[in-house]
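Structure at a glance
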Number of protein chains: 2
Amino acid sequence: MSITILKGAIVSAPALGRLETTEGGYLVAENGKIAGVFPVLPERYAGAPVEDYGDALILQSLADLHLHAPQYPMLGMGMDLPLLDWLNAYTFPTEARFADPCYARTVYRQLARELIENGTTRVCMFSSLHREATLILMEELEKAGVTGYVGKVNMDRNAIPALQEETEESMRETLRWLEECQNFRLVKPILTPRFTPSCTNDLMAFLGKLAAERNLPIQSHLSENTGEIAWVKDLHPDCGQYWETYQKYGLWNNRTLMAHCVWSDQRERTAMRTAGVTVVHCADSNQNICSGTAPVRAMLNEGVNVALGSDIAGGDHLNMFDVVAASIRASKARRILDGWETDFLTVAEGWFLGTSAGAAFFEASPGFAPGNMLHAVVVDDGGLPQPHSLTPAERLERCVYRRQKNAVQAVWSEGKRVFSNT
Amino acid sequence: MSITILKGAIVSAPALGRLETTEGGYLVAENGKIAGVFPVLPERYAGAPVEDYGDALILQSLADLHLHAPQYPMLGMGMDLPLLDWLNAYTFPTEARFADPCYARTVYRQLARELIENGTTRVCMFSSLHREATLILMEELEKAGVTGYVGKVNMDRNAIPALQEETEESMRETLRWLEECQNFRLVKPILTPRFTPSCTNDLMAFLGKLAAERNLPIQSHLSENTGEIAWVKDLHPDCGQYWETYQKYGLWNNRTLMAHCVWSDQRERTAMRTAGVTVVHCADSNQNICSGTAPVRAMLNEGVNVALGSDIAGGDHLNMFDVVAASIRASKARRILDGWETDFLTVAEGWFLGTSAGAAFFEASPGFAPGNMLHAVVVDDGGLPQPHSLTPAERLERCVYRRQKNAVQAVWSEGKRVFSNT
């Protein structure tokens, strides 16, 4: 049996709004699976090697549950443009380049490395519609130590010619991709209709059937902006609300991720809670594209599952520490919008959403719970000035708000060390 | 005569919303003063050494017109607390530590270095009320190459005992500080009544008289939140609006900076424009503390001077590239709040506010205008993936949105190179 023991100031998020801290504690994993967090090393581990990180913080690593891998090269560009111009000038041409496997290899290798270096070890990603590039993405993620789900995008209507499939072709390529990605260990397939306007009813029905037959998870977009909602209404006059266009085809269950949900009202939120759908809140993107500000506090109060996504390149931060901070800030903007009637997200709440809530989609228990695979990031904040002696919670807050050069010391993913800056 | 020639992709902001770009251009300074930007090196400079930065961007350096130096150690902490609790738990105890010159020296040296490394070469700063620590701050800034104004804070009411002066003491210490800081070359004094509730009428009158007699600039806070505005109204029932409490004492003119102005209505904004007061917009801080979102677009449309401030530690980004991005994002939040009636700030507009608009307070002309002292930052973005061949404007946008490790290659301040990462 292999034993991993990390020593440091351990902070975890066992519940929404609650932090558990153990200074000078031991985080122990057996064969990559967490055995526990201990203030004193139990007798049975005596003699096992300890990775002593001194006073550094040992945190749960982060989960990014919505991002578009092929938009990575255009991260932070075109943010002044209205949505349609942005898609035409940047998104579509950039995504179309992933027909070239060499370009895909170079970009995806860099993306995977940047994710790991920033402590993101779990993802749910949109690839492009290209089967080959999607397999390359999965390969590069797995090599770098990123775990999670990747989806070959399906779109057989309302796109540009270079980025649109025939319906049959989309189905066939999806099946072939599913065959070809069976050997990945850490990165698994997720069905990915881009969003209702991009998929014909036949394609939606096919994907819903496939999800049921093969027990596959599903990711898509929902209620991002008001124009989109009106468009969906036109396309599906039989559906009362946007979410019903997914439900109708078997794409609405407890393995479904829906990005954005900015305009989801009480009824749509109730449908999420009832089905166990997870909302992926993408604060940066929603603000950059002027979509609005999602009612995250209402969702949490109502018991809807909420996790966070960077949504690059609508979002401009790949680093999930930044995304947590952006989510907290957006909740404050929402509070101002609501006339101070709703509460903002606290740091502990934002941190839970960026870690435990995301990990829950992968069936991990919250915090460093025994039985979870070890996913952790070690952060050294020793270079910063101290106003007073800080608690681990204060130090965590500072990590969320203040990106520090070379602060990430090591990253553990699925039980293995995948990054070390020494 | 000393000649400085920087070669690279030169981008400047000569007017609000306009970028001027010269790829492979030459930025020339004579004795530290800009002679011009040239696509081809003029004959008269033949033989002079050229600092060739290849394809790197050569940008104007940034100006941070509102920040609290003694709050630097608490940057990114206490952001969940309501304003008063935040002040009591973090701000006041931290500021009180600057009675200790050794602590001040250590912290201010690090602050000055971090400013320069991030390309901020001009500042208007609040120190604490401590005369000695204020001189240390000025010394450390000057040594690092940061230029601008620093103010010893005046506060003789409504503070905690450790952070309050007697009225006479405040006046005496201010005069002594002004004597003692005469020999600084790059960092000059600015009168700094903390804000109306912290200063008795006698102190305000004294400061106004001093400003006039010695031709000193002034900085303070204005209309940050609604509770504060009501408080000022109670303290000065004779004044129709908050700004009049400054005007009444001669603290409202074209050398006045007013931070925040979140709730400044049309009448207050007209008073700013008429007097030539400069608003310092602090987007991060206003959102973090739930103050609101300042009507920056209205101010610009009306011809009010607006510059940007990090406002650490209410703001959580010291890096002004981040502050520019935060200001753009806040303008989009404001747009959502206004029902999409107002325009957001474009990247070119945000960049102008963070560079040329701030430099204007120091009487520099916009952009790399001939006659300006050379203030520049060289940024290498070569490590990022390319979706297509990028224009300098696209590359600037990416620098604003996407902080890149070790991207700042060199910084020039007041004609001298003050940082180089090679």
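Just so it is clear, the structure is predicted and the values come from calculations on it, not from any experiment.

**With respect to the packing of aromatic side chains**
Any aromatic ring pair is given by two values, namely how distant the centres are and how the planes are angled relative to each other. Counting across every chain of the model gives 20 aromatic pairs over all chains. Ring geometry for F98(B) against Y103(B): centres 5.1 Å apart, planes inclined by 65°, an arrangement best described as edge-to-face. The two residues F98(B) and Y103(B) agree in class, both being buried. An aromatic cluster is built from F98(A), Y103(A) and Y108(A), whose rings are joined through pairwise contacts. Just above the ring of F344(A) sits the side chain of K332(A); from NZ or CZ to the centre is 4.8 Å. Across the ring face of Y103(B), the terminal group of R97(B) is positioned such that the distance to the ring centre comes to 3.8 Å.

**Some points on the sheet that holds strand β17 (residues 416–420) of chain B**
Residue and element names in this part refer to chain B. Strand order in the open sheet made by the seven strands is β3-β2-β1-β4-β15-β16-β17, with mixed pairing throughout. Whereas interior strands pair on both sides, the edge strands pair on one side only; in this sheet they are β3 (33–38) and β17. Sheet twist, expressed as the average angle between the axes of neighbouring strands with direction ignored, equals 35°. Bridge analysis of strand β16 (residues 408–413) against β17 gives four bridges, and the strand direction is antiparallel. Opposite S413, over in β17, you have K416 as the bridge partner. This element, helix α12 (residues 347–354), spans β1 (3–15), β2 (18–30) and β4 (51–60) of the sheet and lies at about 120° to β1.

**Description of helix α11 (residues 320–337) of chain A**
Think of an α-helix as 3.6 residues a turn; residues three or four steps apart then line up on the same face. Residue and element names in this part refer to chain A. Relative to the 26 Å expected for 18 residues at 1.5 Å per residue, α11 spans 25 Å between its end C-alpha atoms, a close match to the ideal helical length. Burial within α11 is extensive, with 16 of its 18 residues counted as buried. The residue sitting at the N-terminus of α11 and contributing the capping side-chain oxygen is N319; that oxygen lies 2.8 Å from the backbone nitrogen of F321. A positive backbone phi angle near 65° is found at G339, which sits one or two residues after α11.

**A closer look at the relation of the copies chain A and chain B**
Its rotation angle being 180°, the transformation that places chain A on chain B also includes 0.0 Å of axial translation and leaves an RMSD of 0.0 Å. Here the symmetry operator amounts to a two-fold rotation axis. Taking C-alpha positions as the reference, the residue of chain A nearest the rotation axis is L337(A), at 3.0 Å. Looking at the interface residues of chain A, 100% of them are also at the interface in chain B, so both copies use one shared face.

**A look at the packing of helix α2 (residues 101–117) of chain A against helix α3 (residues 131–144) of chain A**
Residues and elements named next belong to chain A. Their axes nearest at 9 Å, the elements α2 and α3 cross at an angle of 30°. Between α2 and α3, the interaxial angle falls into the category roughly parallel. Helix-helix and strand crossings are classified by hand; for α2 and α3 the assignment is right-handed. Along the contact surface, α2 presents P101, A104, R105, Y108, R109, L111, A112, L115 and I116, while α3 presents E132, A133, I136, L137, E139, E140, L141, K143 and A144. For the contact of α2 with α3, the residue count by class is twelve nonpolar, no polar and six charged.

**Comments concerning the confidence of the model for chain A**
This prediction gives chain A a mean pLDDT of 96; 100% of its residues lie at or above 70. Prediction confidence for the complex, expressed as pTM and ipTM, is 0.97 and 0.96 respectively.

**Notes on unusual backbone geometry**
Of all residues except glycine, most have a negative phi; of all peptide bonds, most are trans. Residue and element names in this part refer to chain A. Here the residue pair I312 and A313 is connected by a cis peptide bond, since its omega of 5° sits within 30 degrees of zero. Positive phi is not limited to glycine here, since C261 has a value of about 55°. Positive phi is not limited to glycine here, since E363 has a value of about 65°.

**Side note on the pairing of strand β6 (residues 120–126) of chain B**
All names here are of chain B. Most of β6 is tucked away: seven of the seven residues are buried. As defined by bridge partners, strand β5 (residues 62–68) adjoins β6 across five bridges and the pair is classed as parallel. Bridge pairing in β6 links D64 to V123. Here β6 pairs with strand β7 (residues 147–151) via five bridges, running parallel. What sits directly across from C124, in β7, is Y149.

**Side note on the side chain of S310(A)**
Residues and elements named next belong to chain A. Within the secondary structure, S310 sits in the loop between β14 (305–308) and α11. A distance of 2.6 Å separates the side chain of S310 from the side chain of D64, its partner in a polar contact. Apart from residues no more than four positions distant in its own chain, S310 is found in contact with D64, H66, L67, G315, H317, L318, M320 and V323.

**Some remarks on α2(A)**
Residues and elements named next belong to chain A. Counted at 1.5 Å a residue, the expected span for α2 with its 17 residues is 24 Å, and the 24 Å between its end C-alpha atoms agrees. Three or more residues of α2 are buried, namely Y103, A104, V107, Y108, Q110, L111, A112, E114, L115 and I116. In this fold, the buried residues of α2 make contact with β5 (62–68), β6 (120–126), α3, β16 (408–413) and β17 (416–420). Among the residues of α2, the N-terminal cap falls to D100, whose side-chain oxygen and the backbone nitrogen of C102 are separated by 2.9 Å.

**Some remarks on the side chain of T91(A)**
With respect to the helices and strands, T91(A) occurs in helix α1 (residues 83–96). Every residue in contact with T91(A), bar those within four places of it in the chain, is listed here: Q71(A), M74(A), W86(A) and R194(A).

**Overview of the pattern of salt bridges**
Evaluated as defined, the whole model comprises 44 salt bridges over all chains. Two residues, D284(B) and R329(A), come together in a salt bridge whose shortest N-O distance is 3.4 Å. One end of the pair, D284(B), is in helix α9 (residues 283–288); the other, R329(A), is in helix α11, on a second chain. The residues D284(B) and R329(A) share a single accessibility class, namely buried.

**Re the interface of chain A and chain B**
Contacts between the two partners involve 52 residues from chain A and, on the opposite side, 52 residues from chain B. Counting every contact that joins chain A to chain B gives six salt bridges. Joining chain A to chain B, the criterion identifies 26 residue pairs in polar contact (both at pLDDT 80 or more). Put simply, the parts of the chain that give the side of chain A that touches chain B at least two residues each are α1, α2, α9 (283–288), α11 and α14 (392–401) of chain A. Split into classes, the residues belonging to the side of chain A that touches chain B amount to 23 nonpolar, 15 polar and 14 charged.

**Comments concerning the environment of F321(A)**
Residues and elements named next belong to chain A. Take F321: it is sitting in helix α11. With relative accessibility at 5%, the residue F321 sits in the buried group. For the pair F321 and G350, spaced 29 residues apart in sequence, the C-alpha separation works out to 9.7 Å. With residues up to four places along the chain from it excluded, the contact list for F321 reads L59, L62, N118, W351, V377, V379, C399 and V400.

**A few points about the sheet that holds strand β9 (residues 187–189) of chain A**
All names here are of chain A. Pairing within the open sheet is parallel, and its four strands lie in the order β5-β6-β7-β9. The two strands at the open ends of the sheet, each matched to only one other strand, are β5 and β9. If you compare each strand with its neighbour and ignore which way they point, the axes differ by 20° on average. Across the face of the sheet, α11 comes into contact with β5 and β6 while running at roughly 85° to β5.

The rules behind the values
- Residues numbered from 1 in each chain as written.
- Chains lettered and ligands numbered in written order.
- Predicted model: local features only at pLDDT ≥ 70, side-chain atom pairs only at ≥ 80, totals over all residues.
- Heavy atoms only, no water.
- Phe/Tyr/Trp six-rings, centres within 6.5 Å; stacked < 30°, edge-to-face > 60°.
- Buried < 20%, exposed > 50% of the residue type's maximum accessible area, 1.4 Å probe, protein only.
- Lys NZ or Arg CZ within 6 Å of the ring centre and 35° of its normal.
- Pairing = 2+ DSSP bridges.
- Helix = DSSP H or I, 4+ residues; strand = E, 2+ residues; numbered from the N terminus.
- Axes fitted to C-alpha atoms, helices over the stretch in contact; angles between N-to-C directions.
- Contact = heavy atoms within 4.5 Å.
- Expected span 1.5 Å × (residues − 1).
- Polar contact = N/O pair within 3.5 Å; in protein donor to acceptor, adjacent residues only side chain to side chain.
- Least-squares fit on C-alpha atoms with pLDDT ≥ 70 in both.
- Parallel < 35°, antiparallel > 145°, perpendicular 65-115°, else oblique.
- Left-handed = near helix turned anticlockwise from the far one by under 90°.
- Nonpolar A, V, L, I, M, F, W, Y, C, P; charged D, E, K, R; others polar.
- pLDDT = per-residue confidence, 0-100.
- Salt bridge = Lys/Arg side-chain N within 4 Å of Asp/Glu carboxyl O.

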